[in-house]
Amino acid sequence: DFGRPVRRTSPILAGRSRRTGPISSRRVASAPKTETTGGRVFVTIAGSVAAEAIVKKSRFLALIERAESEDAARRVVASARSAHPGAGHHCSAFLIGDIAGARIERSSDDGEPTGTAGHPMLEVLAGRDLTNGVAVVILYFGGTKLGTGGLARAYSGAVAQALTDARLVRRERRELVRVELSHADVGRIESELRTRGVEVVSIEYLARAAVTFSTVNPDLLEGLLASSTAGEARPERLGSQYVDVAL
């Protein structure tokens, strides 16, 4: 069953490893802390990645994929189990959600001794401030028992190796602001705002142009709109969304 971690450690893989999938020498760093968002910032995986570790003839196959919901994460685990029916264990861990303190955190030892697989895997993901991601480590037993400490190092190390090869993106909260502009002003204002880091989400051309912007600083955007339209703009805040931003 999936549970919730009690404590966090940072075990290191012992043994030799072999990579599969794209190889990169880029070091995986924790997400930066920024004043713009007013708090903790998470990263997520841009695409699926895999790695393989060999420890005393046992094969640990690590898969990490993007998952936007708990159901999606569980489907990834089920798919890995289906793809490797002959494996001895299919241990997993995932974190879902962009708000600190409200993320879903689950892990499964899948028959391994309690705390030797799923929880150490979760520790690696959480230690990198990763969210909306699921890790599955598939074990093909090689005949030599590793002990509880050895299992924890092998499972967590396989996940850490896969993350080393992963392309990560930062999750950034942005506010959506909608405003109606004259057709003649749209191009000029759009160009001005893009230079300030404001993104245009959509433009709907009706009697006037209804433009939806995405920004990390809605107060600044509203001030810019006011100055660009001589105070005629009447922006409406639509709420927020999280988007992927390159690290």
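Report on the accompanying structure. (Residues numbered from 1 in each chain as written. Predicted model: local features only at pLDDT ≥ 70, side-chain atom pairs only at ≥ 80, totals over all residues. Heavy atoms only, no water.)

A short note on the environment of Leu-225
This is how it is decided: Per the convention used, a helix needs a DSSP run of H or I reaching at least four residues, while a strand needs a run of E reaching at least two, with both numbered from the N terminus.
Relative to the assigned elements, Leu-225 resides in helix 5 (residues 218-228). Linking Leu-225 and Ile-189, residues 36 residues apart in sequence, is a C-alpha distance of 7.8 Å.

A look at unusual backbone geometry
Of note in the backbone geometry, Asn-132 takes a positive phi value of approximately 50° without being a glycine. Relative to the helices and strands, Asn-132 resides in the loop between helix 2 (118-127) and strand 7 (133-140). In the Ramachandran plot, Ala-230 falls in the positive-phi region, its phi being about 55° despite a non-glycine side chain. Here Ala-230 is to be found in the loop between helix 5 and strand 11 (236-246).

Some remarks on the nonpolar core
We apply this condition: Here, the term nonpolar core denotes a set of buried Ala, Val, Leu, Ile, Met, Phe, Trp, Tyr and Cys residues that are joined through side-chain atoms within 4.5 Å. The cut-offs for exposure are 20% and 50% of the maximum accessible area for each residue type, with area from a 1.4 Å probe on protein chains only; residues under the lower value are buried, those over the upper are exposed, and the others partly exposed. Contacts: residue pairs with any heavy atoms within 4.5 Å of one another.
Grouped together as the largest cluster of nonpolar side chains are 32 residues, with contacts concentrated most on Phe-60, Ile-64, Met-121, Leu-125, Val-137, Tyr-155 and Val-159. At the level of secondary structure, the elements contributing two or more residues to this core comprise strand 2 (43-45), strand 3 (49-55), strand 4 (58-66), strand 5 (89-96), helix 2, strand 7 and helix 3 (147-164). The element contributing the most residues to this core is helix 3, with 7 residues. If we ignore the near neighbours within four places in the chain, the residues touching Phe-60 are Ala-51, Glu-52, Ala-53, Val-55, Val-137, Ile-138, Leu-139, Leu-146, Ala-154, Tyr-155 and Ala-158. Counting 15 residues, the second-largest nonpolar core is a separate cluster that includes Val-186, Val-198, Phe-213 and Leu-224.

Here we look at helix 2
By the criterion of burial, helix 2 is predominantly enclosed, with 8 of the 10 residues buried. Looking at the buried side of helix 2, the elements it contacts are strand 5, strand 6 (104-108), strand 7 and helix 3. Asp-129, located one to two residues past helix 2, shows a positive phi value of around 60°.

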